[in-house]
Amino acid sequence: EEIEVLYEIDSTNEFLKRNYKSFHDGAIVVAIKQTAGKGRMGRSWYSPEGGLWYSVLFKPKIHINLHVYTKIFSIAIVEVLRKLKIKAYIKWPNDIYYNGKKLCGILSEAVSVNDRVVAIIVGIGLNVNNDIPEELKNVAVSIKDILRKKVKITYLLDSINKHAWNILVNYRNETENITKLWKKYLVPREGDVLKVKVDDEIVEGKVLKISDDILYVDVGGKVIGVQSIHQLVE
Ligand code: BTN
């Protein structure tokens, strides 16, 4: 197992994008803190000391959809957290939540050369022992706040990776089963009634079907494809 620990870096995802050639399949890069942590959709990810900020590199020999990697890590994280008695769940499409607040985000990226995927980078940001800034306390939470004690970051890193690796080798060719497991922990569920934003208006709808990147919602008999999490209203 190849683990590189960096004290400070812009972003572990960016670091691996620049340096993937020097690392093996399965290599892990952890940062104590990131100075330019990245979230999805161009957002920034606040990464002070105390959190678990890392990326895993895959150099796939066969093509596996990026969503599959994200799902595997989402499942692994939820199951490791549940072992710690934290009832975490996956908030569609790929955040880990606890009690309506974000605990962890995942950013998976592919590096292609001449249309061929040469590297997959799965970036994980888990709030562990870090303080959540005042302005984010309504939307984010850390493990320390849930359990009221600090948890060893190395324990989490190790358990998540071992578990993800097991899921990956057991299900490699059965992505439907990964999706099934993912849906077990997913919120919303098919059939749930929720609020979505359509043309700046908030309306109620029923979830008909959930795919990796689209939520099909029935709004008064009309089916709407919800693409971004911003369209989901709490
Ligand atoms: C999100 O929810 O928007 C995804 C957040 C992903 C954050 C992690 S922290 C380690 C890795 N490096 C980054 O710059 N981002 C990911």
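Residues numbered from 1 in each chain as written. Predicted model: local features only at pLDDT ≥ 70, side-chain atom pairs only at ≥ 80, totals over all residues. Heavy atoms only, no water.

Draft legend 1. Expanded view of the pattern of salt bridges. Under the definition given, this model contains 13 salt bridges. Taking the shortest distance from any N to any O, the salt bridge between Arg 18 and Asp 10 comes out at 2.9 Å. We note a salt bridge from Glu 109 to Lys 38, for which the minimum N-O separation is 3.0 Å. Here the residue Glu 109 occupies a position in strand β6 (residues 101–113), and Lys 38 occupies one in the loop between β2 (28–34) and β3 (52–58), the gap between them amounting to 71 residues. The exposure class of Glu 109 is buried, given its relative accessible area of 14%. Three or more residues joined by partner-sharing salt bridges are found here, namely Glu 14, Lys 17, Lys 38 and Glu 109. (Salt bridge = Lys/Arg side-chain N within 4 Å of Asp/Glu carboxyl O. Helix = DSSP H or I, 4+ residues; strand = E, 2+ residues; numbered from the N terminus. Buried < 20%, exposed > 50% of the residue type's maximum accessible area, 1.4 Å probe, protein only.)

Draft legend 2. Spotlight on the site of the ligand. Every one of the 20 residues lining the ligand counts as a neighbour, but Ser 11, Gln 34, Lys 38, Arg 40 and Lys 102 are closest to it. Thr 12 places a side-chain nitrogen or oxygen 3.2 Å from a nitrogen atom of the ligand. Interatomic distance of 2.6 Å between a side-chain N/O atom of Lys 102 and an oxygen atom of the ligand. Considering the ligand on its own, with 420 Å² of exposed area, one finds that the protein chains cover 99% of that surface. Elements with a contribution of two residues or more to the shell around the ligand: α1 (12–19), β3, β6 and β7 (116–126). Of the residues forming the shell around the ligand, the biggest block, four residues, is contributed by β6. Here the shell around the ligand is built from residues that sort into five nonpolar, 10 polar and five charged. (Near = heavy atom within 4 Å. Polar contact = N/O pair within 3.5 Å; in protein donor to acceptor, adjacent residues only side chain to side chain. Areas by Shrake-Rupley, 256 points an atom, 1.4 Å probe, with all protein chains shown as cover. Nonpolar A, V, L, I, M, F, W, Y, C, P; charged D, E, K, R; others polar.)

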